[in-house]
Protein chains: 4
Amino acid sequence: MNLTDSQAAEISAQRSSQATTRRATVPALEARLFEAIPLLDHGFVRVIDYMGDDAAIVQAARVSYGRGTRRVSEDAGLIRYLMRHRHTTPFEMCEIKFHVKLPIFVARQWIRHRTANVNEYSARYSVLDREFYIPEPEQLAAQSSSNRQGRGDVLEGEEAADVLAVLRDDATRCYDHYVEMLNEDEGGAVRDPERQGLARELARMNLTLNTYTQWYWKTDLHNLLHFCSLRADAHAQYEIRVYADAILDVVKDWVPAAHAAFMDYRLGAATFSAQMVAVLKRMLAGEAVAQPASGLSKREWTELIAALGG
Amino acid sequence: MNLTDSQAAEISAQRSSQATTRRATVPALEARLFEAIPLLDHGFVRVIDYMGDDAAIVQAARVSYGRGTRRVSEDAGLIRYLMRHRHTTPFEMCEIKFHVKLPIFVARQWIRHRTANVNEYSARYSVLDREFYIPEPEQLAAQSSSNRQGRGDVLEGEEAADVLAVLRDDATRCYDHYVEMLNEDEGGAVRDPERQGLARELARMNLTLNTYTQWYWKTDLHNLLHFCSLRADAHAQYEIRVYADAILDVVKDWVPAAHAAFMDYRLGAATFSAQMVAVLKRMLAGEAVAQPASGLSKREWTELIAALGG
Amino acid sequence: MNLTDSQAAEISAQRSSQATTRRATVPALEARLFEAIPLLDHGFVRVIDYMGDDAAIVQAARVSYGRGTRRVSEDAGLIRYLMRHRHTTPFEMCEIKFHVKLPIFVARQWIRHRTANVNEYSARYSVLDREFYIPEPEQLAAQSSSNRQGRGDVLEGEEAADVLAVLRDDATRCYDHYVEMLNEDEGGAVRDPERQGLARELARMNLTLNTYTQWYWKTDLHNLLHFCSLRADAHAQYEIRVYADAILDVVKDWVPAAHAAFMDYRLGAATFSAQMVAVLKRMLAGEAVAQPASGLSKREWTELIAALGG
Amino acid sequence: MNLTDSQAAEISAQRSSQATTRRATVPALEARLFEAIPLLDHGFVRVIDYMGDDAAIVQAARVSYGRGTRRVSEDAGLIRYLMRHRHTTPFEMCEIKFHVKLPIFVARQWIRHRTANVNEYSARYSVLDREFYIPEPEQLAAQSSSNRQGRGDVLEGEEAADVLAVLRDDATRCYDHYVEMLNEDEGGAVRDPERQGLARELARMNLTLNTYTQWYWKTDLHNLLHFCSLRADAHAQYEIRVYADAILDVVKDWVPAAHAAFMDYRLGAATFSAQMVAVLKRMLAGEAVAQPASGLSKREWTELIAALGG
C-alpha cells in the first residue's frame, strides 16, 4: 500500500478542483494529474504540474508570436529534426514537476542529475515513515560474473530466504531504535517523559539505505529525456529503472511527438565508433569481417554485433 | 510601435482560446497572458506560460500530498521565513516563460544569467527586422565622473542632437547594407537576379548592437528574483532595468506573497559588513562616530551613510 | 584512525613528486597538498589539485594579458570591491579539487550544492569499508525545543549511553550482514563456496546512513564560498560544519585576500530587511524603539537584536 | 597582427616565470602556456591555466588515494571505456582556462554553452579596440540553396568586392563615430573640452557585430569536448569552427588519451536511428535496399548513405 487514507483523500480533493486557463493544456496528462503510479513496494511517482506541450517546442524553435497555424504533421517533422540534430534548447521549454517516493539508495543515484529542482522531505525537521524497500524474490540477484556493476542469476532457496529475512529484520530493528532514540511516536507524542530524546538530525543516521524518502522534483523535458536515456537503459539498476520507465510513460501522454522522436533517435538508436563504421563499410562491401581482422577490441566487437542484433 | 498587425492578431487569437485544467492557476496572471508590455522604443516582454503559484512554494517546502489546508496568512508567513533565511529551493518550484524583444547589447548582458532556458531568433536562419533602439533624449547621458560604469548628466543641445543623428544614421545605413548584401527584401524576395547574395550568417555581422533581437526565455522563480535583484538595481544599466522592472511587476501579479517577501528581504534590504555592524553598535551606544575613527574606508563609509538614508 | 598504511604511503609518494610549472602557484597550499585533514572519527578532507590564486581573480576581472604589475594592496582592494558588490564571476576563475571521506547522511546534504563536479566511490562496483560515524559524547544532543531543525542540550547518563550503544550495535550488525550477504570478505575472497552472494548494488541497501563514503569533489571559488556561507553557519548541522570549517581554513591559505573579503562582507556581515533598516534609523535618531512599536514580528525583532549583539 | 608590443611583452614575461609544484603537470601544455594562437584576422585563443591530466580522469573514476601504479595502457583503456559508455563525470575533473579574442557575433554563439565561467571585457567600463573581423575572400560565401543555415558558393567579382568594401566601411565609420561620441581618444584623452562625451554603456551600441571582444573562459574537459563536438562539426559556422579546431588541438597536447577516445567515439562516430539500424540489418543480410522501401524519409536516407561514405 503506497498511500494512507488521508493522503489519498488530499490527492482526491486536489484532482476534483478545476480552473480555466489560457495556457497550453494536455488532456491526456490532465487525466492522470496528481494520481500516484505505484512503484516497488512502497514508492510512487505522480505528476504535480507541467508547462507546455509538443506545440510549445515548435513555438520556441520558431520564436513565434502565437500558437502557429501549421499542421500537426509539420510540427512532428520539426520535432524529429530537432531531436535528430541534437538541437536541444527547444525541448527545455517544457517543464514538469513530480512528487516521488523512493528508497534512499535510489535517491542517491537520482540526485546526481544536477539540472533539476529538488525539495526533499527533511529528516532534520520531521520523522520519517516506517517504510523500507524489500525486493521481490525475483529481483534478488547474485553479483554478475561478467559485469562488475550488474546482476547475475536470481538467488534461490535458503540463500534467498536468508537475505530477505536479514533485510527485513535489520531495517525494522534500526527503525525501531530510531523512534526509541527520538523518544517520540510516529504521531509525535513523547514516549518516555524521563528522557529528552535525541535530535532528529542525529537519530536519522541509524536508518538503513532502503528506508523510503520523498521529494518534489522538477526539470525540463530535455533533461528529463537525458535522465530517461541513462536510467531506462538496460545497464541501469532495476530499482531506478522502474521509475524511469514510469516517467517515460508519462512523457508519452504529455508530448507524444517528442516521445516518438526520442524513442527513434535516442533510446532506440545505436552509436558506432569511427572504427565500427569502417568495419560496417567493409561488411556492406561484401567482405566477411571477423573480429581478429576488424581492428576492434573483443569488447567493442561484441558491442557491434549486439547492436546489429547478431 | 512594437507589434505588426499580424503579430497582434496571432496574440489575440491565442488569448481567446481557453481550456480547463487541474493545475494551479493564477487569475491575475491569466488576465495578462500573452499580452506584450511595451518597453523602450520597439521592445517588449510578454508572459507565454507559467507553472505554480504562492501555494506551490509552500507545498514544495512541505513536500505535501495535496494543496494543504492552511490559511493564506500561514502560507505567507512561511514564504517570508524561507526568503529571510535563504531557503531558496522552494522558490525554484515555480517556473515562468517569457517572449522578449530587446536590443542586442541588452541581450548580451541578460544572457550572462546562465540558469535559464533560451531560444533566440536565429540570424543564421532568418532575416532580422529593421528595428534599432534609439534612446529617448532624457536617456542620453554623459559618462559618470564618479563611477566608471555609470551615467552622469543628460547631454544637451548640439551634442545631444549629434549623438541621436549618428545613432540613427549608422544603424539605418548598416541595416540597408545588410539587406543589400543579402540581396533579398525583408519579405524574402530576391532583389537583383544577377547577384548571389551573401550568406545570412555572414551578413548579420554588419548590424549595429542596438538592433533588436528576440527570444523565448524561461526560468524558475528563484533565479528570476536573482535576475531582478541585480538588474532592477540602481547600478544596472537603464536599458535592462526597464525589463527587470516590468518583470517584477509581473511577479507581483503571479506570486504576491513571494513578491512582498522579496521586496522586504532582498531588494529593499541592506547588507552591512562586519566592520559596518561594529560601527552601528558604537552609534547605537550613543557614540558620535565619524569616518576617520570608524575603521571604514571612505567608500564604505559613504555606502553605510547612504544605506541609513543619511 | 583515518588512513590505512597503504593509503598513507600512496599519499606520501604523491607528495614527494615535484615538477616545474609556469602556472600560478601558491606555496602555502602546496605545503598541504594531498595531506588528509582528519574530521569526525573516520572522515577527512584533502586538497588534490587547485587552479589560480588571488591574482587570478584580479586578472580575470581585468581580462589581462599578463600577471599585471599592480601592487598587492591594489589587488586586495579590487577583490574587496568585487566581493562587496557581488561581482561573482571573477571568483569563478579559481578552481579546487578535494578528496573527501564523510558519512552518507552528510554526503546527502552536501550533494545538494549542484554547481560542482563529483565522482563518488561506487557501492554498485566495490565493497564499502567497515567504518561508521559514532558521535563524540558532547555531540549527542537532544532535539532543540525552540528550533525544529536544531539541537538542544547534550544528553547525559543512561540515555546517552543507550544511544551510543544502539548506534554502534546497529551499524555493526548491518555491516556484518552486508558482507555476509555479499558472501565475500573485505579483501574480496569468497566466504562460502556454496552460496552465490547478493549483488553489491542490492546488498548496500542494508547499510546505515552513518556509514562512510568518499568522493572527489571539485568546484570554483565562488561556489565554494557559497557552500561555506551556508555550511559554516551556526544553523548548519555540526557534522557538515566541521567540513566547511576545514575548507575555509584551506581557502585562507589558498587565496588570503578573497578569504578576508569573504569574512568581512559575507560570513561576518548582517543583512537587515527594509523594515529593520527603518527601525535602525529611528534608533539612530535617538528614539527608544521597543518591539511592539517597531513594526517587526517578534521573531524578526529577536533577529535584529541578535545581529546588533544585544 | 593579433597582439600589440606591450601585450606581447606581458605574455613573454609571464612565460618566463616558473615555480615548483606537486600538482599534475603536462609538459606539452606547459610549452604552449600563455602563447596566443592567431585565429581569423585579429582573434586568438591562449591557454591561461589548467588542472589535471589523463591520469586525473582515472584517479577520479577510481577515487584513488595516490596517482595509482597502473600502466599507461590500462589508463587509456579505462578512458576509452568511460568515453564509450558516456560516464562523463570523470572528465569533469580536468579544468582549463582560456583567454579568447573573438568577434561579437561569434561570442554570441559561444556564450550559449552555459556550463562555463566567463569574464568578458566590459564596454560599460572600458573603450573597445578598433578591430573588426573582415572575412578572407574565400570565406565570402553565398547563402546555401539547400540548407537554410549554411553557406553555398564563394562570391566572386564585383559582388565580392562590394561586400568587402561595405563591411570595412561600415565597421570603420561606426567605430569612428563611437570614439567621437565618447569624446575620448583610444588612449583615454578628452578630444573636445567643449563636449561631455556620451556614456560608454550607451556609445557601444553604435558598434557593428564584427567588432572584436575578449574574455576569460574556463570550463571542464567534459563540457569542453561537448563544445567541440558541436562547434568543430561541419554544420558549425566557419568563424567559430576555427576556434573549436584550435581548442581540440590544445586538448590533444593536454590529455592525449581522452582526445583519442573523443575522436573515435564522439567526433568520428555515427549515430543511427532505430529505423536506420533496421535498414542496416537488411543490407547486411544481403538485401539491396533502396530509399522508397527503406521506411526512411529522403532526408534520413541521405544522412544514412552519407554516414556510410556512399
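Residues numbered from 1 in each chain as written. Chains lettered and ligands numbered in written order. Predicted model: local features only at pLDDT ≥ 70, side-chain atom pairs only at ≥ 80, totals over all residues.

Structural notes on the sheet that holds strand 2 (residues 37-39) of chain A
All names here are of chain A.
Here is step 1: Spatial strand order, 2-3-4-8-5: five strands in an open sheet with antiparallel pairing. Both outer strands of the open sheet, strand 2 and strand 5 (117-120), are each paired with one neighbouring strand and no more. Ignoring strand direction, the axes of neighbouring strands in this sheet form an average angle of 20 degrees.
Here is step 2: The pairing of strand 3 (residues 43-51) with strand 4 (residues 95-103) spans seven bridges and is classified as antiparallel. Each residue of the ladder has a partner; that of V45, found in strand 4, is V100.
Here is step 3: Set on the sheet, helix 9 (residues 238-254) makes contact with strand 2, strand 3 and strand 4; between it and strand 3 the angle comes to about 35 degrees. (Pairing = 2+ DSSP bridges. Helix = DSSP H or I, 4+ residues; strand = E, 2+ residues; numbered from the N terminus. Axes fitted to C-alpha atoms, helices over the stretch in contact; angles between N-to-C directions. Contact = placed C-beta atoms within 7 Å.)

What about the relation of the copies chain C and chain A?
Here is step 1: With an axial shift of 0.0 Å and an RMSD of 0.0 Å, the rotation relating chain C to chain A amounts to 180 degrees. Taken together, the rotation angle and the small translation identify this as a two-fold axis. When C-alpha distances to the rotation axis are compared across chain C, the minimum falls at C:T208, with a value of 2.1 Å.
Here is step 2: Taken together, the interface assignments show that 100% of the residues at the interface of chain C recur at the interface of chain A, consistent with an identical surface on both copies. (Least-squares fit on C-alpha atoms with pLDDT ≥ 70 in both.)

Description of the sheet that holds strand 4 (residues 95-103) of chain D
All names here are of chain D.
Here is step 1: Strands sit in the order 2-3-4-8-5 across an open sheet of five strands; the sheet is antiparallel. Because the sheet does not close on itself, it has two edges, and the strands there are strand 2 (37-39) and strand 5 (117-120). The mean angle between the axes of side-by-side strands here comes to 20 degrees, regardless of whether they run parallel or antiparallel.
Here is step 2: Where strand 2 lies against strand 3 (residues 43-51), three bridges are found, and the strand directions are antiparallel. Looking at strand 3, one finds that L39 is bridged to G43.
Here is step 3: Across the sheet, helix 8 (residues 221-231) lies against strand 4 and strand 8 (212-220), angled at about 130 degrees from strand 8, the strand it touches most.

Describing the interface of chain C and chain A
Here is step 1: Of the residues lining the interface, 44 residues belong to chain C; the matching set on chain A comes to 44 residues.
Here is step 2: Mapped onto the side of chain C that touches chain A, the elements with two or more residues apiece are strand 6 (141-143), strand 7 (151-154), helix 6 (157-182) and helix 7 (200-203) of chain C.
Here is step 3: Per element, the largest residue contribution to the side of chain C that touches chain A is nine residues, and it comes from helix 6 of chain C.
Here is step 4: Taken together, the residues of the side of chain C that touches chain A break down into 21 nonpolar, 11 polar and 12 charged. (Nonpolar A, V, L, I, M, F, W, Y, C, P; charged D, E, K, R; others polar.)

Quick notes on the interface of chain C and chain B
Here is step 1: Residue-level contacts link 18 residues of chain C with 19 residues of chain B.
Here is step 2: For the side of chain C that touches chain B, the elements supplying multiple residues, two or more each, are helix 10 (256-267), strand 9 (270-272) and helix 11 (274-284) of chain C.
Here is step 3: In terms of residue count, helix 11 of chain C provides more of the side of chain C that touches chain B than any other element does, seven residues in total.
Here is step 4: Of the residues in the side of chain C that touches chain B, the class split is 11 nonpolar, five polar and two charged.

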